[in-house]
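Below are the chains, spelled out letter by letter.
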Amino acid sequence: MTRLKGSGFGGKYSFEASPLVKDGIMYIVTGNDDVFALNAKTGEILWERWSGIDQNIWTICCGWVNRGLAMGEGMVFLGQFDANVVALDIKTGKEVWRTTIIDWHNGYGITSAPLYYDGIVYSGITGGEFGVRGRLTALDAKTGNILWRWYTLPGPGEVGSNTWPAGTDDSVRGGAAVWNTPALDPQLGLVYFSTGNCGPDYNGATREGDNLFCASILALKAKTGDYVWHFQEVHHDIWDYDAASPVVLFDTVINGQPRKGIAQAGRTGWVYILDRTDGKPLIGIEERPVPQEPRQKTAKTQPYPIGDAIVPQCSQPLEGYKKAGCIFEVFWEEPVLVQPSGIGGANWSPMSYNPETGSFYVPGTVRTSAFVRYDTTYVRGQRYDGGTQAAPIGSPMSGTFTAIAKDTNKIKWQNKTPYRIGNDSGSTATAGGLVFHGEPDGNFLAYDAKTGLELWRFQTGFGAEAPPVVYDVDGDQYIAIATGGNRLTGSAYGDALWAFSLKGQLGPLWPPPPPPTVGGPTGPIAQGANTIKIGDNNMEYVYFPARTRIKAGTSVTFTNVGDIPHTATEVKQAKWDTGVLAKGESKAITFSEPGVYYYICAPHPWMYGEVIVE
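Since we're looking at a predicted model, the values are computed, not measured.

S.K.: What is the right way to look at the overall build of the protein in this model?
M.R.: In terms of helices and strands, the protein carries zero helices and 46 strands. Taken over C-alpha atoms, the radius of gyration comes to 23 Å for the protein, in line with the 25 Å a tight globule of 614 residues would show. For the C-alpha atoms alone, the extent of the protein along its principal axes is close to 70 × 55 × 50 Å. Buried positions account for 63% of the 614 residues belonging to the protein. Sequence-distant contacts in the protein: of pairs separated by 6 or more residues, those separated by 24 or more amount to 60%. Accessible area for the protein stands at about 21,700 Å²; split by element, carbon and sulfur atoms hold 52% of it. Each charge class in the protein can be summarised by its mean position, and for the 50 positive and 61 negative side chains these summaries are 1 Å apart.

Okay, structure coming up:
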């Protein structure tokens, strides 16, 4: 186990990267865009490259994270929060070139690993909550010159432009970010990726139509970027149902005929299984009528894959909420409970595939959210949500780990987990019949791929939230996982990189504090505290104190000491709200009546606070 010198160590970071290994050397990037090269057998650090990135970047959705590197042409490639793609010399870590994809001040960033193939580096872009125009960018690997861009939101006259309101510029600020690393089929010459939510996230009133290519799987010609096909998982998305998990390419036989497949696990809780030559379903997907809200301009039907969902798709009634619904339930300005939430199902966690078992191994999050829509004015570089969602106070949150059959899309086995795992380490399948997976409580697990039986676990001491990788050095097989927590889950942060082999000698660490399993604020109640600091102690997404008890008539001052804008917004009806507080700004709220007042950060609704007024 190697500690990476405190890089990405802190409450605002997540450590979710997959290391790469070549010629006995391992390369890893942390949540601060810092890159390390290590001896893959011993963990000795050979070189390090510190990003020096601006710590005041505010266009980051969900924590500081970098999900990995690409390599080729004697270089390693990474995307950065500041929307730059950078190439480093693989032997020294020295910068070779740097290309700005777009100015990050306009709402953009990069958190996904790039993809290298045949002289080209492919990179997605973040910003689905900032009114951006999503895109995939192809760069020349030797020079960093941009070869082509393909916009996931069509311009006038382009394919899909008729799915946006005519005569408006809604589509060019409509989101559809590419959060994940593409996949590529060299034989077909196609590059594949999936896209995120529409913008504004929760307000469909201004963007009538299906809104292509939000929440879609796409195929382009790898060399030119020409459009080939698409499949939209959610029409006119108002639930934040990003298709954020990476696509998986696989080969199969259906009705005696060999077929080329592609699969993607969605936040809806379904796995979408298509033919990667044309985007047509390999397993049936039906368009079915769904609830309607005319003010939201909702789509009349939605795609329902035949098979099983990996998480429950209906919410349970909760006290204080008038309406609880199933997937695609509609909402307006009164909170409505919906399951899966927009932070449910399979989020960014990558699933894996075993051709011998014919199964996909899919991590999921079971979480209900209360959805509310409100008006949002577009301002370049600022949040453009049009509403919010939050797990109701006290509501349970858990997970599932599921084997889905490639030929039926049905569950072969499923394990229930006490923690949400749709945001975390995903899964890695091996030819030895194992499936590896890290959990937010720090445990690294191995399952029997056929039965789901747990075979082994090891306590890493930090949130085990990155995809494991398997590699070989000098004939010995190793399995490596980065452990350093996940900001969305609230798991223990750190800066550790573990490597395992059959010759391993290290023992486990003490377990870290577990992440929360119910929605709401946690921690002790501060007596009489009338000052709440947001983002203090390098904990960007936390209120300090999160819980306070005061006398009626007391004014509480909320001050943002973090790096990015936050709010304190009353949970249900937003009856009181600080408004958006930039770094250094404050707002006082007077609590005149006794009661318990829960609040969230509207742009980051996993942040909770509580004011108890006596």
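Next, the rest of the story.
S.K.: Explanation requested: the packing of aromatic side chains in the structure shown.
M.R.: By convention here, two paired aromatic rings are described through the distance between centres and the angle between planes. Taken as a whole and assessed by the stated rule, the structure comprises 46 aromatic pairs. Their ring planes at 40° and their centres at 5.1 Å tell us that Tyr 353 and Phe 360 sit as a pair that is tilted. For the pair Trp 413 and Tyr 447, a centre-to-centre distance of 6.2 Å together with 40° between the ring planes defines the contact as tilted. With Trp 413 in strand E30 (residues 411–417) and Tyr 447 in strand E33 (residues 443–448), this pair connects stretches of sequence that are 34 residues apart. The buried category is assigned to Trp 413, whose relative accessible area is 7%. Among the residues examined, Tyr 447 registers a relative accessible area of 4% and is labelled buried. We note Lys 12 situated over the ring of Trp 64; from NZ or CZ to the ring centre the distance is 4.2 Å. Positioned above the aromatic ring of Tyr 151, the side-chain terminus of Arg 133 is 4.0 Å from the ring centre.

S.K.: Could you clarify how one ought to interpret unusual backbone geometry in this entry?
M.R.: Apart from glycine, the bulk of residues carry a negative phi angle, and the bulk of peptide bonds sit in the trans form. In this structure, Pro 200 follows Gly 199 across a cis peptide bond, with omega equal to 0°. Tracing the chain through its elements places Pro 200 in the loop between strand E15 (190–194) and strand E16 (216–221). Of note, the amide linkage connecting Gln 339 to Pro 340 takes the cis form, showing an omega dihedral of 0°. Considering the arrangement of structural elements, one finds Pro 340 in the loop between strand E24 (336–338) and strand E25 (352–354). Even without being a glycine, Asp 33 presents a positive backbone phi close to 65°. According to the relative accessible area criterion, Asp 33 is buried, its value standing at 0%. Phi at Ala 215 takes a positive value of approximately 45°, unusual for a residue other than glycine.

S.K.: Can you walk me through a nonpolar patch on the surface in this structure?
M.R.: Side chains of Met 1, Leu 506 and Leu 509 sit close together on the surface and give an oily, nonpolar patch of about 260 Å² of accessible area. In this structure, Leu 509 sits in the loop between strand E37 (496–500) and strand E38 (526–527). Taking relative accessible area as the criterion, Leu 509 reaches 33% and is therefore assigned partly exposed.

S.K.: For this particular structure, what's the right way to read the pairing of strand E28 (residues 387–390)?
M.R.: Here is the key point about a regular strand: its side chains alternate between the two faces of the sheet. On E28, burial covers both faces: Gly 387 and Gln 389 on one face and Thr 388 and Ala 390 on the other are all buried. Bridge count for strand E27 (residues 369–373) against E28 is four bridges, and the pairing is antiparallel. Note that in E28 the partner of Ala 370 across the bridge is Ala 390.

S.K.: Which parts of the structure should I look at to understand the state of the cysteines?
M.R.: Covalent bonding between the sulfur atoms of two cysteines is what defines a disulfide. The full count for this structure, using the stated rule, is three disulfides. Residue pairing for Cys 61: its cysteine sulfur links by disulfide to Cys 62, the two sulfurs lying 1.9 Å apart. According to the relative accessible area criterion, Cys 61 is buried, its value standing at 13%. Sulfur-sulfur distance for the disulfide between Cys 198 and Cys 214 comes to 2.3 Å. Its S-S torsion of about 125° marks the bond between Cys 198 and Cys 214 as right-handed, since a negative value means left-handed. Of the two residues, Cys 198 is situated in the loop between E15 and E16 and Cys 214 in the loop between E15 and E16; the sequence distance between them amounts to 16 residues.

S.K.: Would you take a moment to explain the pairing of strand E42 (residues 554–560) for this structure?
M.R.: As judged from the four bridges shared by strand E39 (residues 531–534) and E42, these two strands associate in the parallel manner. Bridge pairing in E42 links Lys 533 to Thr 559. In this structure, E42 lies alongside strand E44 (residues 586–591), joined through six bridges in antiparallel fashion. In the sheet register, Val 556 faces E44, and the bridge partner there is Ile 589.

Parameters at a glance
- Residues numbered from 1 in each chain as written.
- Predicted model: local features only at pLDDT ≥ 70, side-chain atom pairs only at ≥ 80, totals over all residues.
- Heavy atoms only, no water.
- Helix = DSSP H or I, 4+ residues; strand = E, 2+ residues; numbered from the N terminus.
- Rg over C-alpha atoms; globule rule 2.2 N^0.38 Å.
- Buried < 20%, exposed > 50% of the residue type's maximum accessible area, 1.4 Å probe, protein only.
- Contact = heavy atoms within 4.5 Å.
- Areas by Shrake-Rupley, 256 points an atom, 1.4 Å probe, with all protein chains shown as cover.
- Lys, Arg positive; Asp, Glu negative; His and termini not counted.
- Charge placed at Lys NZ, Arg CZ, Asp CG, Glu CD.
- Phe/Tyr/Trp six-rings, centres within 6.5 Å; stacked < 30°, edge-to-face > 60°.
- Lys NZ or Arg CZ within 6 Å of the ring centre and 35° of its normal.
- Patch = residues over 30% accessible without salt bridge, like charges linked within 9 Å, V, L, I, M, F, W, Y side chains within 5 Å.
- Salt bridge = Lys/Arg side-chain N within 4 Å of Asp/Glu carboxyl O.
- Pairing = 2+ DSSP bridges.
- Disulfide = S-S within 2.5 Å.

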